[in-house]
Amino acid sequence: MLHLTKFSDHGLVLHTVDSEAGRRSFLLRGIKHGNAVAVFHPLGLLDVVSAESPKSTLAYLREWEPAAALHSVRSDRVKSSIALFLSEVLYRSLTSELADPGLFSWICAAVETLEGAEGSVANYPLWFLVCYAVKLGFMPGEPIEPSGIFDERDEALLRQLLKASFPEAMAIPLSSSRRLSLSRKLLQYLSWHLGANIDARSLDVLHAVLA
């Protein structure tokens, strides 16, 4: 799950990445935003049954249940802030309605990795963003990219993140300001390649939580 928007006083639109149809939105009937938070949280993994509606261009959800119990992603302040930021990044960057099973499986696995991670996950957003770029077919640091985004120090850190195991990536010593700077550069990099403005406003919130 990527995002919820209000449709009416008793309706919401659920924006998702679907395993069989890429980016997809569903209508939730008879439910208010406050009642949806427990199930429809950022990066939530869901099994759903949908149906077409003759009165709307949106399919609507008939049944839904969590595909994984993401207790810490929901309740832990740091992990929930990371989930909010990355769900916004995916919402603004994944626009294709074509299925990409490999990317979908990787996103689900990455969410479950966040859920199961112990200790500091302050480097998780950087790890996710650089791996996400590679999954989309871009390699930060290659010659074919806008000049001036990454300097040599950035490129060395990006290569380190890509080569490291997940625990090793989380253990790389980085200051809060360094993580924020490189996160912004990675969003700029993805925006350039995708032709989209990935203006993730939740990055500043995440930075405050991780500082």
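Since the model is a prediction, treat every value here as computed from it, not as a measurement. (Residues numbered from 1 in each chain as written. Predicted model: local features only at pLDDT ≥ 70, side-chain atom pairs only at ≥ 80, totals over all residues. Heavy atoms only, no water.)

A.B. asks: How should I be thinking about the overall build of the protein in this particular structure?
C.D. replies: A count of helices and strands for the protein gives nine helices and five strands. N-terminal to C-terminal, the α/β element order of the protein is β-β-β-α-β-β-α-α-α-α-α-α-α-α. Taken along the three principal axes of its C-alpha coordinates, the protein extends 55 × 35 × 25 Å. Considering only residue pairs separated by 6 or more positions, the protein has 63% of its internal contacts joining residues 24 or more positions apart. Surface summary for the protein: the accessible area is close to 11,000 Å², and the carbon and sulfur share equals 51%. (Helix = DSSP H or I, 4+ residues; strand = E, 2+ residues; numbered from the N terminus. Contact = heavy atoms within 4.5 Å. Areas by Shrake-Rupley, 256 points an atom, 1.4 Å probe, with all protein chains shown as cover.)

A.B. asks: Could you clarify how one ought to interpret the packing of helix H6 (residues 152–163) against helix H8 (residues 176–194) in this entry?
C.D. replies: One way to put it is that H6 packs onto H8 with a least axis distance of 12 Å and a crossing angle of 90 degrees. The orientation of H6 relative to H8 falls into the category roughly perpendicular. Residues Arg-153, Asp-154, Leu-157 and Leu-158 of H6 touch H8, and the partners they reach there are Arg-178, Leu-182, Lys-185 and Leu-186. When its residues are assigned to classes, the contact of H6 with H8 shows four nonpolar, no polar and four charged. (Axes fitted to C-alpha atoms, helices over the stretch in contact; angles between N-to-C directions. Parallel < 35°, antiparallel > 145°, perpendicular 65-115°, else oblique. Nonpolar A, V, L, I, M, F, W, Y, C, P; charged D, E, K, R; others polar.)

A.B. asks: Any chance you could explain the packing of helix H5 (residues 124–135) against H6 here in plain terms?
C.D. replies: A packed helix pair is summarised by two numbers, namely the angle formed by the two axes and the spacing between the axes. One way to put it is that H5 packs onto H6 with a least axis distance of 10 Å and a crossing angle of 85 degrees. Classified by the angle their axes make, H5 and H6 are roughly perpendicular. Where H5 approaches H6, its residues Leu-126, Trp-127, Val-130, Cys-131 and Val-134 are matched on the opposing element by Leu-158, Leu-161 and Leu-162.

A.B. asks: What exactly am I supposed to notice about the environment of Ala-200 here?
C.D. replies: In this fold, Ala-200 is placed in the loop between H8 and helix H9 (202–210). The residues touching Ala-200, leaving out its near neighbours within four places in the chain, are Phe-85, Glu-88, Val-89 and Leu-187.

A.B. asks: Any chance you could explain unusual backbone geometry here in plain terms?
C.D. replies: For residues besides glycine, phi is generally negative; the peptide bonds are generally trans as well. Look at Leu-43: it is not a glycine, yet its phi comes out positive at around 65 degrees. Here Leu-43 lies in the loop between helix H1 (33–36) and strand E4 (46–51).

A.B. asks: What is the right way to read the confidence of the model for the protein from this model?
C.D. replies: For residues with low pLDDT, the predicted coordinates do not support detailed interpretation. Averaged over every residue, the pLDDT of the protein is 88; the share at 70 or more is 90%. Least confident of the elements in the protein is H1, whose mean pLDDT is 56; most confident is helix H7 (residues 166–170), at 97. (pLDDT = per-residue confidence, 0-100.)

A.B. asks: How do you make sense of the pairing of strand E2 (residues 11–18) when you look at a structure like this?
C.D. replies: In regular strands, side chains alternate between the two faces of the sheet. Of all eight residues in E2, seven are buried, a share of seventy percent or more. The turn joining E2 and strand E3 (residues 22–29), which pair antiparallel and follow one another in sequence, is formed by three residues. (Buried < 20%, exposed > 50% of the residue type's maximum accessible area, 1.4 Å probe, protein only. Pairing = 2+ DSSP bridges.)

A.B. asks: What exactly am I supposed to notice about the packing of aromatic side chains here?
C.D. replies: Geometrically, a pair of aromatic rings is defined through the distance of the ring centres and the angle of the planes. Tallying each qualifying case throughout the model produces nine aromatic pairs. When the ring of Trp-106 is compared with that of Phe-128, the centres are 4.9 Å apart and the planes differ by 45 degrees; the resulting orientation is tilted. With Trp-106 in helix H4 (residues 101–116) and Phe-128 in helix H5, the pair connects residues that are 22 residues apart, well separated along the chain. For Trp-106, a relative accessible area of 13% corresponds to the buried category. With a relative accessible area of 1%, Phe-128 lands in the buried category. (Phe/Tyr/Trp six-rings, centres within 6.5 Å; stacked < 30°, edge-to-face > 60°.)

A.B. asks: Is there a simple way to explain the pattern of salt bridges in this structure?
C.D. replies: Any two side chains of opposite charge can pair if their charged atoms end up close together. Going through the model one piece at a time under the given rule, you end up with five salt bridges. A salt bridge links Arg-92 to Glu-88; its shortest N-O distance comes to 3.1 Å. In this pair, Arg-92 and Glu-88 both sit in helix H3 (residues 77–93), four residues apart, roughly one turn of the helix. The exposure class assigned to Arg-92 is partly exposed, which follows from its relative accessible area of 30%. In this structure, the salt-bridge partner of Asp-154 is Lys-185, at a minimum N-O distance of 2.6 Å. (Salt bridge = Lys/Arg side-chain N within 4 Å of Asp/Glu carboxyl O.)

A.B. asks: It is not clear to me how the nonpolar core should be interpreted in this structure. Could you clarify?
C.D. replies: For soluble globular proteins, the rule of thumb is that nonpolar side chains tend to be buried together. Core analysis: the largest hydrophobic core is formed by 55 residues, its most contacted members being Phe-85, Tyr-124, Trp-127, Phe-128 and Tyr-132. Mapped onto this core, the elements with two or more residues apiece are H3, H4, H5, H6, H7, H8 and H9. Ranked by residue count, the leading element in this core is H5, at nine residues. By size, the runner-up hydrophobic cluster in this structure holds nine residues, among which are Leu-12, Phe-26, Leu-28 and Ala-59. (Core = buried A, V, L, I, M, F, W, Y, C linked by side-chain atoms within 4.5 Å.)

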